[in-house]
Amino acid sequence: MNTKITIAIDGFSSTGKSTLAKQLAKQLGYIYVDTGAMYRAVAYFAMQNNIITPSGFDKTALVAALPSIQLSFQYNAELGFAEMYLNNENVETQIRTIEVSSYVSKVAEVSEVRAKLVEQQQEIGKNKGIVMDGRDIGTVVFPDAELKIFMTASAETRAQRRFDELQAKGDQVSYEEVLKNVVERDYIDTHREDSPLIIAEDAIEIDNSYLNKQEQFDIVLDLVNEAIKDC
Ligand code: DC
């Protein structure tokens, strides 16, 4: 009997979606896909090719370049998760900078970009046994997912987490700058025309402002087991 399900984890930026998704995938032996990394890789490509700069964003040029953007995930056994590759180059580090974060929402607004990435995400997840995190997984990519989680936390809590992460990596950035980026991205992600960040009707909302990683994991693992039982 095939009891593998699809788990969609959506929510605001820096709510710990990827931490939770990785824990779940490891526990269940599922594939983990970080769809934010795909949008980040496209934003990184746009930066590298001067398509997006501090003075503007040439959407037409990005759409024209889309066929030359190849995204793939390659599993890194040492890290225990798949890393993001852009045209066969490992860009896992390059896509996590504040600069990419400041551009990525604009790139993710472009319908042609979304269509390309959604198609690839659906292909990767077609056999179930997948944990996918993003903004539109439960609403657009896998509307029939057996389990949909929507994660939230206050903007300040999320900015502090992100700030701590960036500082640990040696990124010279202020808390105020990170908070501003979190608030801006929330706005763009929830107001864009194509696939805005909204909670799916059948998603279970988890506010993890006051939950530690283990508490959150335990809650969601119970939900997974229930969803598998219901299959
Ligand atoms: O999860 P993240 O912060 O790495 O995502 C980066 C950006 O990509 C985020 O600002 C919104 C966008 N995104 C999206 O529009 N749809 C997704 N499925 C995943 C991310």
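Below, the structure is looked at part by part. For clarity, every value in this text was computed on a predicted model and none was experimentally measured.

1. What about the pattern of salt bridges?
Piece 1. As enumerated under the stated definition, the model contains 11 salt bridges in all.
Piece 2. The closest approach of N and O atoms between Asp-189 and Arg-135, which form a salt bridge, is 3.3 Å. Note that Asp-189 is positioned in helix H8 (residues 175-191) and Arg-135 in the loop between strand E8 (130-134) and helix H6 (137-141), a separation of 54 residues in sequence.
Piece 3. Take Arg-135: its relative accessible area is 15%, and that puts it in the buried class.
Piece 4. The partner of Glu-184 in a salt bridge is Lys-180, and the shortest N-O contact between them spans 3.3 Å.

2. Focus on the nonpolar core
Piece 1. Ranked by size, the top nonpolar core spans 38 residues in total, and within it Val-42, Leu-62, Ile-69, Leu-71, Met-84 and Val-113 carry the most contacts.
Piece 2. In terms of residue count, the dominant contributor to this core is helix H2 (residues 35-48) (10 residues).
Piece 3. For Met-84, the residues in contact, after removing those within four places along its chain, are Ala-37, Met-38, Ala-41, Leu-71, Ser-72, Phe-73, Glu-89, Asn-90, Val-91, Glu-92 and Ile-95.
Piece 4. Of all hydrophobic cores here, the second largest spans 21 residues; its members include Ile-7, Ile-9, Ile-149 and Met-151.

Calculation notes
Residues numbered from 1 in each chain as written. Predicted model: local features only at pLDDT ≥ 70, side-chain atom pairs only at ≥ 80, totals over all residues. Heavy atoms only, no water. Salt bridge = Lys/Arg side-chain N within 4 Å of Asp/Glu carboxyl O. Helix = DSSP H or I, 4+ residues; strand = E, 2+ residues; numbered from the N terminus. Buried < 20%, exposed > 50% of the residue type's maximum accessible area, 1.4 Å probe, protein only. Core = buried A, V, L, I, M, F, W, Y, C linked by side-chain atoms within 4.5 Å. Contact = heavy atoms within 4.5 Å.

Remember, this is a structural readout, not a statement about activity or role.
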